[in-house]
Amino acid sequence: MHRIEKSLVLFSVTDMSDIVPSFFVYGEPDRPLEIGFLHVETVMARANLHSGQVRAHKHDRMMQVTFWTSGSGFYFIEDQRLDFLAPAVSFVPSGVVHGFNVDPLVSDAIVVSIADSLLPSIAGQTTLPTDRPVMVTGQGAEALWQRLGSTMRLILEEYAEERGQADKIIPPLTAAALTQIGRLASDAPMLAQSPQRLLSTELRRLIDRHFRENWPVERYVSSLGTTPHLLAKAAHMAFGRGVKDMIAERRLIEAKRLLLFTIRPLEDIAYEVGLKDAAYFSRFFRTRTGMPPSEWRRQNIVDADRRE
């Protein structure tokens, strides 16, 4: 296989994402992710599940960085295919269809998976946009590839050592890795995203900005200049759920952050996430987590203390 010169590809969305499975990590059923969730492993740690052929799938609630340390093959994201020879790296936000085909005897990669709830803090520490998929491959900029390789291996080592501080160390290291990916890709052309992918990306941006303001779905439709049908289709295609569910999940993520990382009372948290009072907030939270917010706070603070 010939090597494709250094290139950056931004991928578009096709209707095949309506039928592909959504996983937690590859081969495991999708499930809600707790605040601060992260996972690091090598591709071939799951070779018994895929033998080097990972079928089209997506992750509705987390992004992934995949750094190919050895081997070759082809990687596809949405409707684009890119042949590669290591080193190569991809960044895939949540909701993006992807997969690959490699020789399992000679190929391997480090995969960092991080919940969307951590993306706002990571995005503030990196120059690479975190709402668009990218893939970089090529021989050039050897020093930059070495630096990225060192960062990714350090992430893998920190996760494997299980010292209880991975949630503090790995996110800033991931932000550094994303910036390094951006540097590798800085002089490469970008391809346009499909209208559906752009719509879903803009929807998530608007929800991040306005979920506290209790915008009705109709206002998101109007602000994006689309129709209820097209917006619902884009949301399900990219994230596996409707617009109302996306708003509720974003509100829940913010509530969990405030419960875990502040000592603010429930009344303040309810106001901060756009709910009218503590009683309504408690019902909202319990419906989605199975426990009242005060109990969730107590259990998760205790668990965090045990990990220290």
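Quantities reported herein were computed from a predicted structural model and do not represent experimental measurements. (Residues numbered from 1 in each chain as written. Predicted model: local features only at pLDDT ≥ 70, side-chain atom pairs only at ≥ 80, totals over all residues. Heavy atoms only, no water.)

Enquirer: Run through the packing of aromatic side chains, naming residues and quoting values.
Expert: If you walk through the whole model with that rule in mind, you get eight aromatic pairs. Centre to centre, the rings of W68 and F84 are 5.0 Å apart; their planes meet at 40°, and the pair counts as tilted. Here W68, found in strand β4 (residues 62-70), pairs with F84, found in strand β6 (residues 80-85); they are 16 residues apart in sequence, far enough to count as distant. Of the two residues, W68 and F84, neither departs from the other in class, the shared state being buried. One aromatic cluster is present, formed by W68, Y75, F84 and F100 through successive ring pairs. Of note, R81 hangs over the ring of F74, and the distance from its end group to the ring centre comes to 3.8 Å. (Phe/Tyr/Trp six-rings, centres within 6.5 Å; stacked < 30°, edge-to-face > 60°. Helix = DSSP H or I, 4+ residues; strand = E, 2+ residues; numbered from the N terminus. Buried < 20%, exposed > 50% of the residue type's maximum accessible area, 1.4 Å probe, protein only. Lys NZ or Arg CZ within 6 Å of the ring centre and 35° of its normal.)

Enquirer: Just give me the short version of the nonpolar core, but keep the residues and values in it.
Expert: V65, V89, V112, I114, L148, M152 and I181 are the most contacted members of the largest nonpolar core, which totals 28 residues. Counting only elements with at least two residues in this core, the list comes to β2 (38-42), β4, β7 (88-92), β9 (108-115), α2 (119-123), β10 (134-137), α3 (142-161) and α4 (166-184). In terms of residues, this core owes the most to one element, α4, which gives seven residues. The residues touching L148, leaving out its near neighbours within four places in the chain, are F67, V89, A177, Q180, I181 and L184. M44, V54, V102 and A109 belong to the second-largest nonpolar core, a separate cluster that totals 19 residues. (Core = buried A, V, L, I, M, F, W, Y, C linked by side-chain atoms within 4.5 Å. Contact = heavy atoms within 4.5 Å.)

Enquirer: Could you give an account of helix α6 (residues 217-224), naming the residues involved and the relevant values?
Expert: When α6 is considered as a whole, its buried residues turn out to be V217, Y220 and V221. With its buried residues spanning 100° around the axis, α6 presents them on a single face. Turned more than 90 degrees off the buried face of α6, the exposed positions are E218 and S222. Its buried side turned inward, α6 meets α5 (195-210), α7 (228-239) and α8 (243-261). Directly after α6, the chain includes G225, whose backbone phi takes a positive value near 60°. (Arc of directions from axis to C-beta.)

Enquirer: Mind laying out the confidence of the model for the chain, listing which residues take part and the relevant values?
Expert: Averaged over all residues, the pLDDT of the chain equals 84, while 88% of them reach at least 70. At the low end of the mean pLDDT range in the chain sits strand β1 (residues 7-8), at 48; at the high end sits α6, at 95. Below pLDDT 50 for its whole length, residues 9-18 participates in 42 contacts with residues either more than four positions away or in separate chains. (pLDDT = per-residue confidence, 0-100.)

Enquirer: Quick one: what's the story with the packing of α5 against α8, residue by residue and with numbers?
Expert: Between α5 and α8, the least distance of the axes is 10 Å, while the angle of their chain directions is 45°. Comparing their axes, α8 and α5 come out oblique. Helix-helix and strand crossings are classified by hand; for α5 and α8 the assignment is right-handed. Two secondary-structure elements touch here, α5 through L203, R204, I207 and D208 and α8 through V243, M246, I247 and R250. In the contact of α5 with α8, the residues fall into five nonpolar, no polar and three charged. (Axes fitted to C-alpha atoms, helices over the stretch in contact; angles between N-to-C directions. Parallel < 35°, antiparallel > 145°, perpendicular 65-115°, else oblique. Left-handed = near helix turned anticlockwise from the far one by under 90°. Nonpolar A, V, L, I, M, F, W, Y, C, P; charged D, E, K, R; others polar.)

Enquirer: Break down unusual backbone geometry for me, with residues and values.
Expert: In this model, A86 is joined to P87 through a cis peptide bond whose omega is 5°. Among the secondary structure elements, P87 is positioned in the loop between β6 and β7. One non-glycine residue, S51, lies in the positive phi region at around 50°. By the element assignment, S51 lies in the loop between α1 (47-50) and β3 (53-57). Phi at N214 is positive, roughly 55°, even though this residue is not glycine. By secondary structure assignment, the location of N214 is in the loop between α5 and α6.

Enquirer: So what about the sheet that holds strand β5 (residues 72-77)? Which residues, and what values?
Expert: With antiparallel pairing, the four strands of this open sheet are ordered in space as β3-β8-β5-β6. Each end of this open sheet is capped by a strand with a single partner; those strands are β3 and β6. Across the sheet, the axes of successive neighbouring strands diverge by a mean angle of 20°, strand direction being ignored. Of the pairings in the sheet, the one linking β5 to strand β8 (residues 98-102) comprises five bridges and is antiparallel in character. (Pairing = 2+ DSSP bridges.)

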